[in-house]
Amino acid sequence: MKEYKRVWNVYAAWDYTREIEDLNKMSDNGWQLIKGGLFSNRYKKNDSMRYRYQLDYNPKIEDMGRYIETFREQGWEYVNSTFNGWHYFRKLYDKAGDDYEIYNDSQSLKEMHAKWQKEGIGSIGALSLLAIIELYFTIRYPRIHSAILVLTLLIEVFVIGRGVYVLRNPQRADGHKRSWNGAPVFLLVLFLGLASTVVFMSLRSSNSFNTKSEVYSPISSNIANAVDWGEVKVVYPDFYNFEVSGYTGSPMTFAVVNTQTGEAVSQIRIDSSKAKDGKKFKEAHNILLKRGTYKLYGYDFAGGCIDLHVSLD
Amino acid sequence: MKTVKFEPLSESYFYILLCLSKGANHGYGIMKMTETLSEGEVKIGSGTMYGATSNMIKKGWIKEIVSDEPGSEKKRLYTLTTEGTEAFKAEVNRLKRMLSAVTD
């Protein structure tokens, strides 16, 4: 029979009483906690003891000695602390019924909850800010990975927000019916959201920025003779920003052409004379590109100097 | 001029101050005395106790001293400060005033 065991599990902060129940159950089965942590707990087999556990959230303890002593004098043995401020305690279980609560009045329990809620609200604020920033970029430059990131952040904000709200009703760890533990599922969703964002970002074709400052002889309107500005390989359908800006001696047309179908998906004709005084010409199209290879072509040009920036990203 | 801030106290706070008004004590002693004085109605768990004592230390109502009684190990004791005594007296007067208005 194994002497030590590590159990992987994760609990939401507002669901800490679920962890207390699990620790008590493990103790009844002979597994005593020796170290509690965020993602796993370590146990030692000892069938001769039974304990009842408690978790206290207190991230800013200045006098650890006084803290531990306050618990020790009422029979609570200190187990360990996590780096983010949760402390594990245990007391020998005596069926004659001692008190296994560490907070006896609702006000002090609410104060303990408020300590975590403050952190929760802080995270919600930071995540919401990130979500808003990313939402702006998604609207301005629609991209799949942007949209996934916004969605993931909003789900996180909602779950943590709900947790802060749930903590308003103090719950005691005395085994009333519990629904399934949402924390692992939430973490999985978060991981998938972030992972897919990264994957989509890296799979997205590399940008094709190109600035040329040259003199060109005339180019006909036949695409076969066009200037090749660059190529973009699209792996999955997504929105791309096709933009032309700068100066030309005379008007010129740029096109994004699907090399498989030969179809010109988008065209911009740059005409500097149309640009307002002093400001350079700039035009951008937001286009949905399907899977395939696309080339940027410049043609239909009477000749002259150009100083252009053409991009598809 | 210092004005004593008035605020109603929770039962735990009240009993902690009451116990300490009878003399310096440690957490366990306060807890036991509270149970006796409240006829078993009020219990102060460790979480509540640490929260309350931390708050009161911050408010300046109580402070920690180390007992130098011969024979006993150096035990941490809490003791009331002048502000704490004033705050407790104010609360007692408040409660007395409230109860005297009750005519059964």
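Residues numbered from 1 in each chain as written. Chains lettered and ligands numbered in written order. Predicted model: local features only at pLDDT ≥ 70, side-chain atom pairs only at ≥ 80, totals over all residues.

Within chain B, the secondary structure is distributed over 4 helices and 2 strands. When the helices and strands of chain B are read in sequence order from the N terminus, they spell out α-α-α-β-β-α. Relative to its 104 residues, chain B shows a buried fraction of 28%. Taking the intrachain contacts of chain B between residues at least 6 apart in sequence as the baseline, contacts between residues at least 24 apart amount to 47%. (Helix = DSSP H or I, 4+ residues; strand = E, 2+ residues; numbered from the N terminus. Buried ≥ 20, exposed ≤ 12 C-beta atoms within 10 Å, placed from the backbone. Contact = placed C-beta atoms within 7 Å.)

Residue and element names in this part refer to chain A. Partitioning chain A into structural domains gives domain 1 (4-92), domain 2 (106-203) and domain 3 (208-312). Listed by partner, the interface residues are 14 residues for domain 1 and 16 residues for domain 2. Where the side of domain 1 that touches domain 2 is concerned, the elements lending two or more residues are helix H1 (16-28) and strand E4 (51-57). Considering every element that reaches the side of domain 1 that touches domain 2, the biggest residue donor is H1, with 4 residues. In the side of domain 1 that touches domain 2, the residues fall into 8 nonpolar, 2 polar and 4 charged. (Domains from an automatic or database assignment. Nonpolar A, V, L, I, M, F, W, Y, C, P; charged D, E, K, R; others polar.)

All names here are of chain B. Counted at 1.5 Å a residue, the expected span for helix H4 (residues 82-100) with its 19 residues is 27 Å, and the 27 Å between its end C-alpha atoms agrees. Of all the residues in H4, the buried ones are Gly 84, Ala 87 and Phe 88. The buried residues of H4 occupy an angular sector of 95° when the element is viewed end-on, so they sit on one face. When the buried face of H4 is taken as reference, the exposed residues oriented beyond 90 degrees from it are Thr 82, Asn 93, Lys 96, Arg 97 and Ser 100. Check the buried side of H4 and you find it contacts helix H1 (11-21), helix H3 (46-59), strand E1 (62-66) and strand E2 (76-80). (Expected span 1.5 Å × (residues − 1). Arc of directions from axis to C-beta.)

Turning to the interface of chain A and chain B, a few remarks are in order. Across the boundary between the two partners, chain A contributes 19 residues, which contact 18 residues of chain B. Counting residues per element, the ones that place at least two in the side of chain A that touches chain B are helix H2 (64-72) and helix H3 (106-140) of chain A. Examining the composition of the side of chain A that touches chain B, we find that 5 residues originate from one element, H2(A), more than from any other.

Quick look at the confidence of the model for chain A now. Per-residue pLDDT for chain A has a mean of 88; in total, 93% of the residues score no lower than 70. Of the regions scoring below 50 in pLDDT, residues 172-177 of chain A engages in 6 contacts with residues more than four places distant in sequence or in other chains. (pLDDT = per-residue confidence, 0-100.)

Residues and elements named next belong to chain B. Helix H2 (residues 27-37) packs onto H1 with a crossing angle of 105° between their chain directions and a minimal axis gap of 9 Å. By the angle between their directions, the pair H1 and H2 is classed as roughly perpendicular. Along its contact with H1, which presents Tyr 15, Ile 16, Leu 18 and Cys 19, the element H2 presents Ile 30, Met 33, Thr 34 and Leu 37. Grouping the amino acids of the contact of H1 with H2 by side-chain chemistry returns 7 nonpolar, 1 polar and no charged. (Axes fitted to C-alpha atoms, helices over the stretch in contact; angles between N-to-C directions. Parallel < 35°, antiparallel > 145°, perpendicular 65-115°, else oblique.)

On to the sheet that holds strand E8 (residues 227-234) of chain A. Residue and element names in this part refer to chain A. What the 4 strands build is an open sheet, ordered E8-E13-E10-E11; its pairing is antiparallel. A single partner strand is all that each edge strand has here, and the edge strands are E8 and strand E11 (264-270). Along the sheet, successive strands turn relative to each other by an average axial angle of 15°, direction set aside. Across 7 bridges, E8 lies against strand E13 (residues 292-299) in antiparallel orientation. (Pairing = 2+ DSSP bridges.)

On to the pairing of strand E3 (residues 40-45) of chain A. Taken residue by residue, a regular strand's side chains alternate between the two faces of the sheet. Residues and elements named next belong to chain A. Pairing between strand E1 (residues 4-8) and E3: 5 bridges, direction antiparallel. Bridge pairing in E3 places Lys 5 opposite Tyr 43. Where strand E2 (residues 31-35) folds back on E3, the antiparallel hairpin that results is connected by 4 residues.

So, on to the environment of A:Tyr165. Within the secondary structure layout, A:Tyr165 lies in helix H4 (residues 144-166). When the 12 C-beta atoms within 10 Å are taken as the criterion, A:Tyr165 is described as exposed.

To continue, consider the sheet that holds strand E6 (residues 86-92) of chain A. All names here are of chain A. The strand order across the open sheet formed by 3 strands is E4-E6-E5, and the pairing between neighbours is antiparallel. Strand pairing shows two members of the sheet lacking a second neighbour, E4 and strand E5 (77-81), which therefore form its edges. Going across the sheet, the axis of each strand differs from the next one's by a mean of 25°, ignoring polarity.

A few words on unusual backbone geometry. The residue A:Asp300 is not glycine, and still its phi comes out positive at about 55°. Classification of A:Asp300 as buried rests on a count of 21 C-beta atoms within 10 Å. Despite not being glycine, B:Glu39 shows a phi value in the positive range, around 55°. Tracing the sequence through the fold places B:Glu39 in the loop between H2 and H3.

The interhelical angle for the contact between H2(A) and H3(B), taken along N-to-C directions, is 145°, at an axis separation of 8 Å. In the crossing of H2(A) with H3(B), the sense of the turn from one axis to the other is right-handed. In this structure, H2(A) contributes A:Tyr67, A:Thr70 and A:Phe71 to the contact, and H3(B) contributes B:Ser46, B:Met49 and B:Tyr50. A breakdown of the residues in the contact of H2(A) with H3(B) according to their chemical character gives 4 nonpolar, 2 polar and no charged. (Left-handed = near helix turned anticlockwise from the far one by under 90°.)

So, on to the nonpolar core. Residue and element names in this part refer to chain A. Residues Leu 33, Tyr 53, Tyr 88 and Phe 89 are the most contacted members of the largest nonpolar core, which totals 23 residues. Of all elements in the fold, only H1, E2, E4, E6 and H4 reach the threshold of two or more residues within this core. Leave out the neighbours within four places in its chain, and Phe 89 touches Tyr 53, Gln 54, Asp 56, Phe 71, Trp 76, Glu 77, Tyr 78 and Val 79. Membership of the second largest hydrophobic core comes to 22 residues, among which are Val 232, Val 244, Ile 270 and Phe 281. (Core = buried A, V, L, I, M, F, W, Y, C linked by C-beta atoms within 7 Å.)

A few words now on the environment of B:Leu95. Position of B:Leu95 among the secondary structure elements: in helix H4. Residues B:Leu95 and B:Tyr15 lie 80 residues apart in sequence; the distance between their C-alpha atoms is 13 Å.

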